[in-house]
Each structure stands twice: as C-alpha cells, then as structure tokens.
Amino acid sequence: MKFAYKFSNLLGTVYRRGNLNFSFDGNSLISPVGNRISVFDLKNNKSETFPVSTKKNITCVALSPSGTLAILVDEDGEALLVSLTTRAVLNHFNFHKPVHCISFSPDGRKFVVTKDNVALMYYAPGKRREFNAFVLDKTYYGPYDEMTCIDWTDDSKCFVVGSKDMTTWVFGAERWENLIYYALGGHKDIIVGCFFERDSLDLYTVSQDGALCVWECDTELTELKLKSVKQVPDTTMENNNQGKDGEVEMEQKGEEIHGKANQDKQGPGKVKYKQKEKHFFNKEGDFNNLTSSAYHKKMHILVTGFASGIFHLHELPEFNLIHSLSISNQRISSIAINNTGDWIALGCSGLGQLLVWEWQSESYIMKQQGHFNSMVALAYSPDGQYIATGGDDGKVKVWNTNSGFCFVTFTEHTSSVSAVTFNYTGFVILSASLDGTVRAFDLHRYRNFRTFTSPQPTQFSCLAIDGSGEIVSAGSQDYFEIYIWSMQTGRLLEVLAGHEGPISSLCFNPNQAILASASWDKTVKIWDMSDSWKTKETLTLISDALAVVYRGDGNEIAVATLNGEITFWNPKSAVQTGSISGRHDLQIGRKEMDKITAKQAAKGKSFTTLCYSADGQSIMAGGHSKFVCIYNVREQILMKKFEISCNLSLDAMEEYLDRRKMTEFGSLALIDDGTGDGDGVAIPLPGVKKGDMSSRHFKPEIRVTSLHFSPTGRSWAATTTEGLLLYSLDSELVFDPFDLDLDVTPTSVRQMLQQCKYISAIILAFRLNEKKLIQEVMETVPYSQIDAICVTLPELYVEKLLDFVATSLETSRHLQFYLTWAQRLLTQHGQKLKGRAGSLLPMFNSLQKSIHLHFDNLSKLCDWSRYNIKYAEAMSKHRGIKRPAEDQMSEDENSEEMDSDHSVEM
C-alpha cells in the first residue's frame, strides 16, 4: 500500500480570526482558519482549504483587484504572497511587527500596510518574477497610536486610515500639490472604519462608541494637481533617513491646510473638510461597542457589527435603517460585502461562526459554525459520504465530505460528547456523552428518536454498536461497567461488570457479536454477546489500555497502552502476535509552562487513538503530539509520519523553548499581560455572559483525539486542535506506472484505439497508469463492445478497471455507461472477486458510495418532477371542469336574453 496521502481539506473550523474577503466575482468567500485559509464556493456549494500555511494564526488577508493574488499576514508580521489560481506560495516577507490591516489600491498597482502608527506603501507584485516582490514606495506618519483601518478612493489617488487615537488621516498616494495629508477629529473613541464615497473625497468615519461622522470635501478628485519637480525637491520617504525631512515638510503643509499659515494665492486651493452630519447607533443604549464595519460604495449600504452580536444595515448619507438582526451573543469580528452588494459575510471568532446573508431577500446563503471547543470523536458513514463529529461543546455535527459543509447539528447533549458512531445503514448516528446518556439520531428526519440511560447516573467514555445494528454498548468512567441496550426497544439488556478501572475503549468484532473492552486496569476483556454475555478471554497488559480496535476481518486486535506501545493479539487464542514501540515516534513538543524538557515529558505520553486501514495491512495511531504515524502491521515498522500542523500559535509545537522569550523574571508565557485582543482562547467564569473581568487566556495544546480511515480507503480523517483534517490520495499528480515498457506510450495507446483493438488499448493505458488517458480510452469504447471486453479481459486488469470505474462514476456524467461497465465486470468475474473480498473491500465501498450518491440526487430530481407533473395534471383537470360550467352559464345567459327579447316583441 502506498501512502501518497496529501492534505485535502479542513472541516470543523470555518473562521478563527482576521478579516473576511469576497472573491473578485463575488461568488466565493475567503476565510482565515488558524494558519490556513479556506475558500467557500457559494454558487457550487463547496469548500476548499489551501495547502499553504503560515507560522502562526493569520490576522490580515488582502486580495488583489484582479483576484489572482493574496497576501496573508500572521500574528508576528510574516507575510506570504499566494497565487489563488495555482494555490502556491510565490514569496515570503517579514514586516517584523504585527500588522493591523492591509489593502490593495483599486488599480492594483500598490498596497498599503499599517503597523503601529506608520503606514507603508509598497508596489504591488506584478507578472514579473522579481526576487523581492515587496518594494517599498513611501512611508506615512501622522497618528500617535496604532492604525486600525484603510480605504482607497476609486481612482487610487488617495487613501484614508483610522487610528486608535480617535483621528482619521487622509494621505495622497502621489505627491499632490494641494493635498499632502489631512487630519480629522470629531470622535471620542477608536476609529473602527473609514470609507470614501464613490468617485469623491467625501468621507464616512465610524468609531467604537457607535458614532458616525459624515465629512464633506470642497475638492473633487479631478482637481488634485501633481507637485512639480522643480519647485519641490524629491523627499519621498523610502527609508527612515529620508522620513525626517518628509515629516517636516508634511507638518508645514499641514499647518497650511488647517489655516495656521497664510495660503499661497498663486497656488491651487488646499483641500478642506468639514463635518456635515453626525449620527449615533446606540441612541437607546441597547447595544455594546461597535466592533466592525463595511461599506458598499455603489449601493451606499453601511453594515456595522456590535459586540452583542447585532448588526445593522443603513443607507447613507440619509442614515436610514434597513435591517437590524442578531446572529449570536458574541462580538462580530469581521464584515465583508461582495461586489454586487447582495451578500454580506459576518464572522464571529468567539463561536467560530461564519454567515453569509442576502439582505434583499432576507435569507441566509450560508450558515456554518464549527465546534467552538475541541473536537473529541469522529466516525465515517459506511459509504464514506458523511463524517460525524462530537465535541466538548456537547454538539454532534454531520459533515458532507464532498462539499465540506455541515448540514445538520444535534444539540440534545448537555455535556461533552465522548464518542460517535454510525450504524450499518448509515442513516442512524449514535453518540455517547458525559451527561450520562447515549442518543440515537435519525438522518432522515433529523431528530433524536431514542435515548439510552443507565440505572444510576454515570459518565459514558466510549461507545460501540455491533454489525447488525441491534446491540448498543457504552463504557462507564466512574462505575467501571459496560451497559448493553437493544436498539429496537431501547431497553437495558445487561450490565457487564468485571473491570476494575474506567472503561477507555470498546470495539465490536465486524463479523460476530463479540465485544472487546479496554480499561485502565491493564486488561482487555472479550465478551460473547451470543453466549449470555460471558467473558471469553482476558488479555493481560503491562500498562493501562487506552484504545482497542479490531481488524476488518476480526482475526486481530490492536491495543494502545499508556507506556506508548501498540500490541497485537489473536482474539481467539489470546496470544500476543507482535508489538510496536511508538514513544520515539510521538516527538512531542515542550509547552511554554513546562519545567522539564520535551524528551522527559515524552516518557509520559502515548497513543490514544488507533485505526486499521481498509485492507488491514497498516494501522494508524495518534495522540498527544502533532504527528500521526502509520505502521506496517506485519513488519512492525514505521511507514510514514504526517505532521498535522506547523502553527506556532498552538502550544507544545517546538521541541526547545525560544531563548529570546526568556527574561530575568522567567519565561514571557508566565507573565500575565491581560486578556489582549483575542489572543488564544477566552475562558470566562461559569455563568458569566458578559463583562467578565477575570477571563483567562491560554494557548491550546496540539493533539490528535480521533482517527479514522474512510471505508473507500481513498482518504482518512483526524480530529485535532486545528479542526477536522482530511487527507486523501492525489493520484493525478503522481506518476505511478504499472509494468511499464518502452513500447507503452500514449501514441501507441491511441494507435490501438484507431485500429479498434480496445482490449489492447485498455491494457496499455493501465500499464501507463495515467488517469486522463485511461478515461479517454474507456469513453472511446463503443457501448456494444462492453460485454465482449469484460469476458476476455485478463484477471489482472479486472480489479484495476473496476477501481477506475468506481472512482470515475462519482464525477462523470455518463452514468449508464459506467454503471454498465460495473454490472458486466461484477457479473462475469464476481465469483473470483468474492474470494479476495477482504482486500477489495475499499474498492467495493467506493463503488457503493458513488452509486448511492447518484441515487440520492436522481431520486430527489425524480420526486420533484413527479410532483410537478401531478400538479400540472391537477391544474389542467381543474381548469377543464371550470370551462364547461362557464360555457353553460354563458349559454343560459344567452337563452335568458333571447327569452326577454321574445317577451318584449310579444
């Protein structure tokens, strides 16, 4: 088995912190999630996470006007220039200080970055492949505190910045003769947003205390005049040495602007602003601080978000309130509006919530929220189409692996969810929780249809369901017992006692009603459900058992223990068949608060979750580390290690502490510098909703809580501190030929097709093993030749052809063509394939997943068409009945008129 798995997608986390951006066409939303960015395609209902990542959490994202480039800036000011078309990193740059905001000019030639109280203007990266894509043009000074927001005029001649010192500064992007800079006051709190009016220098400024100022300028954009080179020497502030002269000149010009010096009568009139109006959002005092804002210039729509979770839509400059809605009780961190002005994106970092709202129709385009606490458990559906996750927030979420979206959330649990699993049909999800209940959820009606409880309240730590879906078992943490229920009746069938420690893991034999239970008492017990729930075997270990899992055929058990080892057992004879020492492969990092080194801390770490591959040849393990290890079971060696994250914003990522963070008072991590501006995760005191002055912040520790291979074998998923990570086989980018020869070329394959030698062409295409070429050959084969090819095809290529049909059927439009291939291959070679069913199980699962997906889509379409046909028939019958009645009425009226005429004549 080859392990060419690559990072595919990040689910479970839709937004962390930073600013939201819509794509150039307005159909996609780009959201920062930790140290990565996710793109949500709102038209096609799909999501994708870029494979690029920064060293720490992303705080600023800027998109070029063309929509091809993006600049990502993390907490420390390190920037990445990323191509949105190729998903590749083009350049690295370090601003050396935290960046508050970044914005491209509308013409795409420059961009402005603000750090501290300085605004830096850079030339935007072009199509040329420069060694340094970030070239500094000018440096702007003015405010005394940090700058918070940027906006440009439509013609890129000027830009405006807002500051924490309650002032707003207008700067010229070029050396204008009548505008060097202009400072505006009028606010009593931090400036949250500043926006130019369309094709004008008129301004709107919004402050944190809910005040909106309307500024009117006496100069048009066309009246700005460039400063002549002869009159003024070149004092462009390209470095710190030239910045001092520039400051002197700007101060002199500023005095002239404010009227502190006489204007030059011969020169052009200086730009002047006056405050036209001032409005307040919180007149009634119902809202908290204003936290974010966005303005659409064409439609004159201002969107403002508040710390209480409320957002407003106002029409400017009249300040007419259009809408006022609440999305949660947490602060709205970021707001974005797409180009057409129809969709508004709202991000809430406290809950990890992301909304896209269409304000004209008053409906949600997207409403997604991840687990705002850590994920604990995951399970794949039998066809691999869905993933169920459970978290410490007590929620059970179901994700679609194709689209990447969560389509249902169950909130019935009142405490942390410890385990989730699907039944054999894939339409029932079971979840165990620390609230003392095991709940069953129906994916047809999206309801909790059964709840299993114990005679005495207990905390359930693990869960398992047998292959038939009739027996549900859950392990207890505090009473050391295993509870057995009937799925049909919901009654408690039996309580299994015998363990002397908390039950850590349960697993059913896939082929028999035999249960394996792992406990902290250093034993694994095997229970026979069909023989009065008796203990068949007891496996004695040398350390506490943390996880137990059966192989797909049920002939082997793997157990992870507290000493960092994975042991393999024969469940029938209770004989150990092998062991793997994985402590050295964990390679945990040192926490900032640790007093010991990472090497010493690793002695107490172990694997906490195990999963066999679909063919049973490999086993995957994860635990208190940033690594996921895949071992070969037979050889008992490490095959590959996956580093799930490189985000230094998480704890225990580095093996050694940074000496630069050590002070004479100890590590900087031990110094409490207050709550900060959203750094880390806030933990308020219990029961406190707002105004908690004792909230604490901490850095989440990187760890893997659950692992699972997909039933198709094409991907695997892991619940981690970062979210739900998906890794899949990327076969298109890997050249992996089979039985390659000098004569096997694309030219020779196409020659066989021209000569109508279809079997030879298929064999040569599979030997070259290029997906596009195989697809070309397969779709060139006439429909009438499928039967003959399936009969005469060599057995070696039957499995390869069936595997290709299973993967192609998922995305192809030729449903009948590929279904015919699958039917003929299974009919002709079904008996021979049945003998190797164990190794071919991933392929059959993949084929079932593709067929089931198309069945669902087509059944919905057929039901909708049938409903429309019935509705049309009913309407036609209804109208057909009415018409004769109307005709009869008209005939009666005519007859009455004739009778009256006759009576008159008489």
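Keep in mind it's a predicted model, so treat the numbers as computed, not measured. (Residues numbered from 1 in each chain as written. Predicted model: local features only at pLDDT ≥ 70, side-chain atom pairs only at ≥ 80, totals over all residues. Heavy atoms only, no water.)

Topic: the confidence of the model for the protein
The share of residues in the protein with pLDDT of 70 or more is 82%, and the mean pLDDT across the chain is 82. Low pLDDT (under 50) marks residues 230-267, which in the prediction has 45 contacts with non-local residues, meaning those over four places away or in another chain. With pLDDT under 50 throughout, residues 895-906 is counted as low confidence; its partners more than four residues away or in other chains account for zero contacts. (pLDDT = per-residue confidence, 0-100. Contact = heavy atoms within 4.5 Å.)

Re the sheet that holds strand β39 (residues 471-476)
Read from one edge of the open sheet, four strands run β38-β39-β40-β41, paired in antiparallel fashion. In this open sheet, the two strands that pair with only one neighbour each are β38 (460-465) and β41 (492-496). Each adjacent strand pair in this sheet contributes to an overall mean axis angle of 20°, direction not counted. One ladder, built from four bridges, connects strand β40 (residues 482-486) with β41; its direction is antiparallel. Residue pairing in the sheet places I482 in a bridge with L496 of β41. (Pairing = 2+ DSSP bridges. Helix = DSSP H or I, 4+ residues; strand = E, 2+ residues; numbered from the N terminus. Axes fitted to C-alpha atoms, helices over the stretch in contact; angles between N-to-C directions.)

Section: the packing of helix α6 (residues 771-780) against helix α8 (residues 795-809)
Packed helix pairs are specified by the crossing angle of their axes together with the interaxial distance, meaning the distance between the axes. Closest axis-to-axis distance for the α6/α8 pair is 12 Å, and the angle between their directions is 95°. In terms of their interaxial angle, α6 and α8 are classed as roughly perpendicular. From α6, K771, I774, Q775 and M778 reach across to α8, where they touch L801, F804 and V805. Of the residues contributing to the contact of α6 with α8, the split by class is five nonpolar, one polar and one charged. (Parallel < 35°, antiparallel > 145°, perpendicular 65-115°, else oblique. Nonpolar A, V, L, I, M, F, W, Y, C, P; charged D, E, K, R; others polar.)

Considering α8
Since there are 3.6 residues in each turn of an α-helix, residues three or four apart along the chain are aligned in direction. In this model α8 runs 21 Å from its N-terminal to its C-terminal C-alpha over 15 residues, within 8% of the 21 Å that 1.5 Å per residue would give. Among all positions in α8, only Y797, V798, L801, L802, F804, V805, A806, S808 and L809 are buried. (Expected span 1.5 Å × (residues − 1). Buried < 20%, exposed > 50% of the residue type's maximum accessible area, 1.4 Å probe, protein only.)

A few points about the sheet that holds strand β42 (residues 503-508)
Strands sit in the order β42-β43-β44-β45 across an open sheet of four strands; the sheet is antiparallel. Two strands bound the open sheet, and with one partner strand each, they are β42 and β45 (534-540). For this sheet, the mean inter-axis angle between neighbouring strands, taken without regard to orientation, is 20°. Strand direction decides the pairing type here: strand β44 (residues 523-528) and β45, joined by six bridges, are antiparallel.

Side note on the packing of α8 against helix α9 (residues 815-834)
In the contact formed by α8 and α9, the axes pass within 10 Å of each other and the chain directions differ by 145°. Crossing geometry of α8 relative to α9 is assigned as left-handed. Residue-level inspection shows E795, V798, E799, L801, L802, F804, V805, S808 and L809 of α8 in contact with α9, the latter providing L815, Y818, L819, W821, A822, L825, L826, H829, K832 and L833. A breakdown of the residues in the contact of α8 with α9 according to their chemical character gives 14 nonpolar, two polar and three charged. (Left-handed = near helix turned anticlockwise from the far one by under 90°.)

So, the packing of aromatic side chains
The final tally for this structure, using the stated rule, is 39 aromatic pairs. Ring pairs connect the aromatic residues F93, F95, F104, F111, Y122 and F134, which therefore count as one cluster. Lying over the aromatic face of Y364, K367 brings its terminal NZ or CZ to 4.8 Å of the ring centre. Positioned over the ring face of F627 is K641, at 4.2 Å from the centre of the ring. (Phe/Tyr/Trp six-rings, centres within 6.5 Å; stacked < 30°, edge-to-face > 60°. Lys NZ or Arg CZ within 6 Å of the ring centre and 35° of its normal.)

Quick look at the nonpolar core
In this structure, I762, M778, L801 and W821 are the most contacted members of the largest nonpolar core, which totals 37 residues. For this core, the secondary structure elements donating two or more residues are α4 (746-754), α5 (758-768), α6, α7 (786-792), α8, α9 and α10 (837-905). Beyond its immediate chain neighbours, meaning those up to four positions away, M778 contacts I762, L801, F804, V805, F817, Y818 and W821. By size, the runner-up hydrophobic cluster in this structure holds 21 residues, among which are I644, L707, W716 and A718. (Core = buried A, V, L, I, M, F, W, Y, C linked by side-chain atoms within 4.5 Å.)

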